[in-house]
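Tertiary structure, described
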Amino acid sequence: MEININKQENVTTVKLVGRLDTPASVEVSKELEPVAADAAGTIILDCKDLTYISSSGLRIFLTLRKAATAQGGTVIVKSINQDIRNVFMMTGFLNLFRIEE
Amino acid sequence: MDFSQLDPHCQAILQEYRDNLPLFRDSAEKIHTTLENTFREAGLLVAAIEYRVKTEESLAGKLELKGAKYKSLQDITDIIGLRVITFYIDDVDKVASAVERLFKVDWDNTVDKRKVHEIDSFGYLSLHYICYLDGAPYRFEIQLRTVLQHAWANMNHDTGYKSGVEVPREYLRNLNRLAGMLELADEQFSKIRTELNDYRRRVQALVASGNLDDVPLDGDTFRSYLNLGPFTSLNKKIAAVNQAEIQEVSLMPYLTVFKGLNCKTLGDISRLIKTYSEGAYQIACYQIGLTDLDIISSSLGPQDLCLAFILKNGGGKAGIRYLFETLNGPSESNDFLADMLLEQAQDLPFMNQ
């Protein structure tokens, strides 16, 4: 699992590559701590190359959403594949995020 | 600034003002903070609390005009001036009682201009309190008015007595006509607020008593209904499939969905829950039963209920697309989701009963 974080002005782009499964979530969660701490702007979760998400991954997304909401920011989930979209739908997460193609 | 044209008596008053200016500024700020905190604690929303200390120039102007009237600075009651502007006319009285409780009022000089009008006169309506400053021999003024009274007073001030030009009778008459109209408007706003609060209380009572067929579906009623947790039991049942945790989220976006599904009253939603909960549970079991997903959001229950309703009533692909588009906006992926759900639905018992 790879993660790249790039902040430009008010927009933080987090590129997730690979499988966000339970073991990977521990590392990703740690890497995203500073993003959650500074979530007043827009956070784009670029999921173009994300191939799988587990419950732990969903929890990470949710943590970011909570942090952003509390600080007046927004989380945009971008380019999720159909499998991950199904996971979002099956868990009722679909309307929790702004999902962009 | 040079105010040498003032006589020695007025010069002395002006000097006393200069000596006490820090006290006036500090007191004005403190009174403002006291009012602000009191209103916040009481949950009273006001449009603005303004405050100012009279400028030296303005005081000199006043002394030049009627300096002989004042024995000392203590006789001038508007060195510190505050103004509380309320949204509603009823709130003027609430603010007034707060002022009376918080400060020692000089009743001899306090004027309720709302009561000085004759039955056939309209115009300036405001409540002016003169209060004693704590620990100093000075007084201050607090004006209370509504935003509409404030708007009128400002317009009147611009066109009225201070402009130095005599205003033609027709303009004055128009201003007074406007005052009458704004007085009515203020009353109407208050009346609407009271009626709206009555309506909310009635709806809450109906929701609590279970007469849901009598409650039309709208933003207020849906919010009251959600407080009863109508989807909790379904969500818990779904969560139990994988011993999942439930993340509570706002379900208000479903108001539009339920309206689109022709629900006109809360009774309609209640029946939908009763009739389609089993279908919703079957959809959820089918989807997450063979996964290790152990987290769901509280919107899963209503989402799967709507899906069950759409599938069972022949809403097909267009119906499912409507649901996802309403909740998440248009996307080509909604078509894929719809196709997948239509395929899954063929295997579900509730579709074949």
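To start, this report covers the structure provided alongside it. Computed from a predicted model, the values in this text were never measured in an experiment.

A few words now on the overall build of chain B. Scanning chain B for helices and strands turns up 12 helices and 8 strands. Counting every position in chain B, which comprises 353 residues, the buried fraction comes to 46%. A separation of at least 24 residues holds for 72% of the contacts in chain B among residues at least 6 apart in sequence. Summed over all atoms, the accessible surface of chain B reaches about 18900 Å², with 51% contributed by carbon and sulfur.

Moving on, we come to the pairing of strand E2 (residues 80-86) of chain B. All names here are of chain B. The buried count for E2 comes to 6 of 7 residues, which makes it a mostly enclosed element. By the bridge criterion, 7 bridges tie strand E1 (residues 46-53) to E2 in an arrangement that is antiparallel. Note on E2: the bridge partner recorded for Val46 is Thr86. Pairing geometry for E2 and strand E6 (residues 139-146), over 7 bridges, is parallel. Of the residues in E6, the one forming a bridge with Arg83 is Gln143.

With that settled, consider the packing of aromatic side chains. In total, this model carries 12 aromatic pairs over all chains according to the counting rule given. Here the aromatic rings of Phe103 of chain B and Phe140 of chain B are separated by 5.3 Å at their centres, their planes lie at 85 degrees, and the arrangement is edge-to-face. Of this pair, Phe103 of chain B sits in the loop between helix H3 (89-102) and strand E3 (104-105) while Phe140 of chain B sits in strand E6, and the two are 37 residues apart along the sequence. Classification of Phe140 of chain B as buried rests on a relative accessible area of 1%. Both rings, one in Phe231 of chain B and one in Phe258 of chain B, keep their centres 6.0 Å apart while their planes meet at 5 degrees; by these two values the pair is stacked. Placement of Phe231 of chain B in the loop between helix H6 (219-227) and helix H7 (232-241) and of Phe258 of chain B in helix H8 (residues 254-260) is noted, with a sequence separation of 27 residues between them. Geometry around Tyr52 of chain A places Arg19 of chain A over its ring, the cationic atom sitting 4.2 Å from the centre. Its guanidinium or amino end placed over the ring of Tyr281 of chain B, Lys237 of chain B lies 4.3 Å from that ring's centre, counting from NZ or CZ.

Maximum bend of helix H9 (residues 266-288) of chain B: about 55 degrees, positioned at Tyr276 of chain B. Residue Thr265 of chain B occupies the N-cap position of H9 of chain B, its side-chain oxygen lying 3.2 Å from the main-chain nitrogen of Gly267 of chain B.

Let us look at the interface of chain B and chain A. Of the residues lining the interface, 28 residues belong to chain B; the matching set on chain A comes to 21 residues. Our count for the contact surface shared by chain B and chain A stands at 2 salt bridges. Here Arg59 of chain A and Glu245 of chain B are joined by a salt bridge, their closest N and O atoms 2.6 Å apart. In terms of residue count, helix H12 (residues 333-345) of chain B provides more of the side of chain B that touches chain A than any other element does, 6 residues in total. For the side of chain B that touches chain A, the class distribution of residues is 14 nonpolar, 10 polar and 4 charged.

Attention shifts here to the pattern of salt bridges. Residue and element names in this part refer to chain B. Within this structure, the stated rule accounts for 25 salt bridges over all chains. As a salt-bridge pair, Lys62 and Asp78 come within 3.1 Å of each other at their nearest N and O atoms. Within this pair, whereas Lys62 is found in helix H2 (residues 56-66), its partner Asp78 is found in the loop between H2 and E2, the two being separated by 16 residues in sequence. Judged by relative accessible area, Lys62 falls into the buried class, the value being 17%. The salt bridge involving Arg193 is made with Asp90; its shortest N-O contact spans 4.0 Å. You can see Arg193 sitting in helix H5 (residues 169-209) and its partner Asp90 sitting in helix H3, a full 103 residues away along the chain. The class for Arg193 is partly exposed, based on a relative accessible area of 21%. Owing to a relative accessible area of 34%, Asp90 belongs among the partly exposed residues under this scheme. The network of salt bridges with shared partners includes Asp90, Asp91, Lys94 and Arg193.

A covalent bond between the sulfur atoms of two cysteines is referred to as a disulfide. Residues and elements named next belong to chain B. In total, this model carries 0 disulfides over all chains according to the counting rule given. Among the cysteines around Cys306, which has no disulfide bond, Cys263 carries the closest sulfur, lying 7.8 Å off. The class for Cys306 is buried, based on a relative accessible area of 0%.

Along its 13 residues, helix H11 (residues 316-328) of chain B runs 18 Å from first to last C-alpha, staying within 8% of the 18 Å computed at 1.5 Å per residue. Among the residues making up H11 of chain B, those that are buried are Gly316, Gly319, Ile320, Leu323, Phe324, Leu327 and Asn328 of chain B. Here the buried residues of H11 of chain B occupy an arc of 140 degrees about the axis, which is enough to place them on one side. Looking at the buried residues of H11 of chain B, the elements they touch are helix H4 (82-91) of chain A together with H8, helix H10 (300-312) and H12 of chain B. Just downstream of H11 of chain B lies Gly329 of chain B, where phi reads positive at about 85 degrees.

Membership of the largest hydrophobic core comes to 86 residues, with the highest contact counts inside it found for Leu45, Phe61, Phe88 and Phe97 of chain A together with Phe222, Phe258 and Ile269 of chain B. Broken down by element, the residue count for this core peaks at 9 residues, all from H9 of chain B. By size, the runner-up hydrophobic cluster in this structure holds 42 residues, among which are Phe3, Val53, Leu82 and Tyr129 of chain B.

Let us now look at the packing of H11 of chain B against H12 of chain B. Residue and element names in this part refer to chain B. The N-to-C vectors of H11 and H12 enclose an angle of 130 degrees; their axes lie 9 Å apart at closest approach. Judged by the inter-axis angle, H11 sits oblique to H12. Read as a crossing pair, H11 and H12 show a hand that is right-handed. Contacts between H11 and H12 involve Gly316, Lys317, Ile320, Arg321, Phe324 and Glu325 from the former and Asn334, Asp335, Leu337, Ala338, Asp339, Leu341 and Leu342 from the latter. Grouping the constituent residues of the contact of H11 with H12 by class yields 6 nonpolar, 2 polar and 5 charged.

How each quantity is defined
- Starting from 1, residues in each chain are numbered consecutively following that chain's sequence as written.
- All chains are assigned letters beginning at A, and all ligands numbers beginning at 1, according to the order in which they are written.
- pLDDT decides what is reported in this predicted model: residues at 70 or higher carry local features, side-chain atom pairs at 80 or more are listed and counted, and totals for whole chains, interfaces and linings draw on all residues regardless.
- Heavy atoms from the whole structure form the basis of all side-chain values; hydrogens and water molecules are not counted.
- Only DSSP runs of H or I with at least four residues qualify as helices, and only runs of E with at least two residues qualify as strands; both kinds are numbered from the N terminus onward.
- Here's how the labels work: a residue is buried when its accessible area is under 20% of the maximum for its type, exposed when over 50%, partly exposed in between, all with a 1.4 Å probe on protein chains only.
- In what follows, a contact means two residues having at least one pair of non-hydrogen atoms within 4.5 Å.
- The Shrake-Rupley method, run with a 1.4 Å probe sphere, supplies the accessible areas, and residue values consider only the shown protein chains as cover.
- Two strands are counted as paired when DSSP detects at least two bridges linking them.
- Any pair of Phe, Tyr and Trp rings, taking the six-membered ring for Trp, is counted once the centres come within 6.5 Å. Such a pair is stacked with planes under 30 degrees apart, edge-to-face with planes over 60 apart, and tilted for the rest.
- The criterion for a charge sitting over a ring is simple: Lys NZ or Arg CZ within 6 Å of the ring centre, and within 35 degrees of the ring normal.
- The seven residues ending at a residue and the seven starting there each receive a fitted axis; the angle between those axes is the bend at that residue.
- N or O atoms closer than or at 3.5 Å make up a polar contact, with two conditions inside protein: a donor-capable atom paired with an acceptor-capable one, and, for residues adjacent in sequence, both atoms drawn from side chains.
- When a carboxyl oxygen of Asp or Glu lies within 4 Å of a side-chain nitrogen of Lys or Arg, that pair is called a salt bridge.
- Classification convention: Asp, Glu, Lys, Arg as charged; Ala, Val, Leu, Ile, Met, Phe, Trp, Tyr, Cys, Pro as nonpolar; all other residues, Gly among them, as polar.
- Disulfides are defined as cysteine sulfur pairs within 2.5 Å.
- By definition here, a helix of n residues has an expected span of 1.5 Å times n minus one.
- The directions considered for the arc are those from the helix axis to the C-beta atoms.
- What makes a nonpolar core is a set of buried Ala, Val, Leu, Ile, Met, Phe, Trp, Tyr and Cys residues whose side-chain atoms join them at distances within 4.5 Å.
- Every axis in this analysis is a line fitted to C-alpha atoms, fitted for helices over the stretch in contact. Angles between the N-to-C directions lie between 0 and 180 degrees.
- Our angle categories are set so that under 35 degrees counts as roughly parallel, over 145 as roughly antiparallel, 65 to 115 as roughly perpendicular, and the remainder as oblique.
- A crossing counts as left-handed when the near helix is turned anticlockwise from the far one by less than a right angle, and as right-handed when that turn is clockwise.

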